[in-house]
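Now for the letters of each chain:
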Amino acid sequence: MRILKFGGSSIGTPERISNVLELLKKRFDEGIEFCVVFSAFQEITDSLIYISNKALSRDDSYKEELSKLKKIHNNAVSYLISKNLQESSSKKVSELLNELEEILHGVYLVKELTPRTLDYVMSFGERLSCTIISNAMNSRGMESEFMDSRLVVKTDDSFGAAKVNFSVTNKNIQDYFSRHNKIQVITGFIGSTDKNETVTLGRGGSDYTASIFGAALDTEEIEIWTDVDGILTADPRKVHDAFPLNTVTYEEAMEMSHFGAKVIHPPTMKPALNKKIPIRIKNTFNPSFEGTVITEKDQCGIFSVKGISSIDNITLLRITGSGMVGVVGIASRIFGALAKEKINVILITQASSEHSVCLSVLPQAGMLSKKLIEEEFKWEIRDGMIDEVIVEPDMSIIAVVGENMRHTPGISGRVFQSLGRNGINIIAIAQGSSELNISLVIKKDHLKKALNVLHNSLFLSKQKTLNLFLIGPGLVGSAFLKLIIERSNYVAEHVHAKIKIVGLMNRKNMFFDESGIDLKNWKDLLLNSKMESSIEKFILQMQKMNLPNSILVDCTANDSVVKHYRQILNSSISIVTPNKIANTQSYEQFVSLRETSAKRNVQFRYGTNVGSALPFINTLKDIISNGDEIIKIEGIFSGTLSFIFNSLKEKDSFSEIVKTAQERGYTEPDPRDDLKGLDMARKLLILIRESGIPFELKDIEIEKLISAEAENAETIEEFFDKLKTDDKRILELKEKAAANECVISYIAKYENGKAVLSIQEIDKRHPFFNLTNSENIVAFTTKNYWKNSLTIRGQGAGADFTAVGILSDILRISNYLG
């Protein structure tokens, strides 16, 4: 025998009821023995309460609402029941509706609606639905009969939430079923007192009815049919990646339900729990899915954590004071004061010093709780032994639930770390000795982000979602977007990260999509966006979206975004950028950005600032973090200048080589931007600063490569004409070096507190001698690497290569996030 229960959402329309009937017919044809509990049709209970209150207030419009309710049930009869049974069915339904109308008229006349009367009115929802469905089952060949649960479920007279007398009820149910062999269609939610007065069983009443009958009959399983695929790991309205669990224990289900999971109400499980009867949560709209089984023990649980639930809106109260330390009875006085007004305390935590107590209540009880506690401790407050009670509204509680947490080290650490690295501050913590539940209080504004962060960390650790905002989809930015498309599967499979672009901005427009922008159509989406570009509005939208693992990718070449970096980092958003400006402004600014990112537990990554995708900066960071000390830095950090001086090994005309470099796209549109050496000086400055040395750009000596005449030419054409006058000087330097079996190269160098960019002669023993084409190179001489410097060499320029470096920085952030 199985008990099946269908809630209001499962039978919300005649079409849905018809689908349920097909499901039951399949069970019937397979010879499966069952009885079925039904709630009222969807929203009918709420409608009955609404109509009752209208009648109570002498609002004649209650009759219109009652007419709508009548129509819903009469339509169901017409749609669901075969014509040969319609007349008798309609008669029964009409009798019930007429009785309901008379009661409501009485409420209207006497202007009284007692809890007893309201319970009776509400009972019509289930009595009507079960009458109709029982007849519909008979018309489909399933022999069934309407069962009024008031005949057997006996309770006290706590109207609205009656307590069941199980010894009497269980015997009544067993006796009844011994005399009735047909399928019983049982009214959920209702029972009766010893005086046969109708009562309701409170929230989750129909689930409770199913559990009561299942326990009394020792059924094989109780099935609760609803509109979701079972108990999910989190609320799918807040966490899109939430998924149904195969199995949870009774204890886990109760904890999750207490903290907001809506699938099943904790007390409804108690009868089944006592008899160790499994409860299966199934989806009426996806009946083939196995659903979630609630059982005594989960023998093969995959996850240590089973779910993340939340109470979205609570108020926190803080009671502090030196007069609380070592004083017996403080907690009991607090609870006693609140109990007088029936205020429920949702969470409590107390410091081991006994100096403070923190508790949470529902928002509507916040100020009253403060008043009651301060009244209770008025003398202690007067004498300064206890401080004024602090009220903090707009908070949320998150509960991380799982019986296996107690056997798995590090769960708490992972919870705190993942929240901290996303800029979410934990205001209060409570954990029972059973370790079944870790409860956290956070600001309400951070709830959705926190739920997603925890869900990613605890359930989807094999694939973390990174939410990227990209500004500047130009040459480098578009190459990066293309790279994401190409590498997405590899990154997901091998690095376990899913990269979503959720925001884009160019000079004209910006576009956002929390679910992820379609990167195959990003140009059209951005072009057709109605949102005009504004860095201030872009930042505001990032803050408003408040997504977990948020990263800004700044691919601009100016300081329009740079000036907002601190604000962005303070919003708990990491930054990745090839833009060198932020790192080459004042040393004070350089330090400030690092302090801000450290304070907010976010990352500021700029590995492509020097050497593009070559690991110049990251290697230097590792050298310093390993306790080594930099003695000398040498490098060629310009693909343009590398190409020019490498070409001089074979050719003599400096001006022609520069022209060739421009034609191949190695230089800026105006080659003078490269030949001034300023870009390479900025890169040297970044490496010096990364070594922990305070330094400014003005302190770097830069040898000019071109004459003042060439540098000051009015046009590019004039520049190349003037540049020819430099050919002789460069050739002389080349020939002089050749005489010494050397070549010339333009090298950036830091040593003994001095930084210089200059043309140098290097021989075959120098690591830069065999450099080719546009390669970049760096040599770090340190206390550990003093005989042979640590050298890194390779391609160090180009949009595609820079895009690879940006992706590398993003994946480093992914690793940091854990």
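Here we summarise the structure given alongside this text.

Conventions we followed
- Residues numbered from 1 in each chain as written.
- Predicted model: local features only at pLDDT ≥ 70, side-chain atom pairs only at ≥ 80, totals over all residues.
- Heavy atoms only, no water.
- Helix = DSSP H or I, 4+ residues; strand = E, 2+ residues; numbered from the N terminus.
- Expected span 1.5 Å × (residues − 1).
- Buried < 20%, exposed > 50% of the residue type's maximum accessible area, 1.4 Å probe, protein only.
- Contact = heavy atoms within 4.5 Å.
- Pairing = 2+ DSSP bridges.
- Polar contact = N/O pair within 3.5 Å; in protein donor to acceptor, adjacent residues only side chain to side chain.
- Axes fitted to C-alpha atoms, helices over the stretch in contact; angles between N-to-C directions.

**What about helix H2 (residues 44-56)?**
Under the 1.5 Å per step criterion, the end-to-end length of H2 is 18 Å for 13 residues, consistent within 8% with the ideal 18 Å. Looking at H2, one finds that the buried residues are Ile44, Thr45, Ser47, Leu48, Ile51, Ser52, Lys54 and Ala55. Looking at the packing, one finds that the buried side of H2 touches helix H3 (62-80), helix H4 (83-110) and helix H5 (115-139). Following H2 by one or two positions, Arg58 has its phi on the positive side, about 60 degrees.

**A closer look at the pairing of strand E15 (residues 428-431)**
On E15, burial follows the alternation: Ala428 and Ala430 on one face are buried, whereas Ile429 and Gln431 on the facing-out side are not. Bridge count between E15 and strand E16 (residues 437-443): 4 bridges; the pairing is antiparallel. Bridging across to E16, Ile429 finds its partner in Leu440.

**Things to note about helix H7 (residues 205-216)**
End to end, H7 covers 16 Å across 12 residues, agreeing with the expected 16 Å (1.5 Å per residue, within 8%). Looking at H7, one finds that the buried residues are Gly205, Ser206, Asp207, Tyr208, Thr209, Ala210, Ser211, Ile212, Phe213, Gly214, Ala215 and Ala216.

**Topic: the environment of Ser625**
Mapping Ser625 onto the fold places it in helix H21 (residues 616-625). A C-alpha to C-alpha distance of 53 Å links Ser625 and Glu380, two positions 245 residues apart in sequence. In terms of polar contacts, Ser625 uses its side chain to reach the backbone carbonyl oxygen of Asp622, at 3.0 Å.

**A few points about the sheet that holds strand E24 (residues 630-636)**
Read from one edge to the other, the open sheet built from 6 strands follows the order E25-E27-E26-E24-E28-E29, with strand pairing classed as mixed. The sheet terminates laterally at strand E25 (700-702) and strand E29 (790-795), the two strands that pair on one side only. Averaged over all pairs of adjacent strands, the angle between their axes in this sheet comes to 25 degrees, without regard to strand direction. Sheet analysis places E24 next to strand E26 (residues 743-751), joined by 4 bridges and oriented antiparallel. Looking at E26, one finds that Glu634 is bridged to Lys749. Those strands touched by helix H22 (residues 639-647) are E24, E26, strand E27 (754-762) and strand E28 (775-782), and its axis lies near 140 degrees from that of E26.

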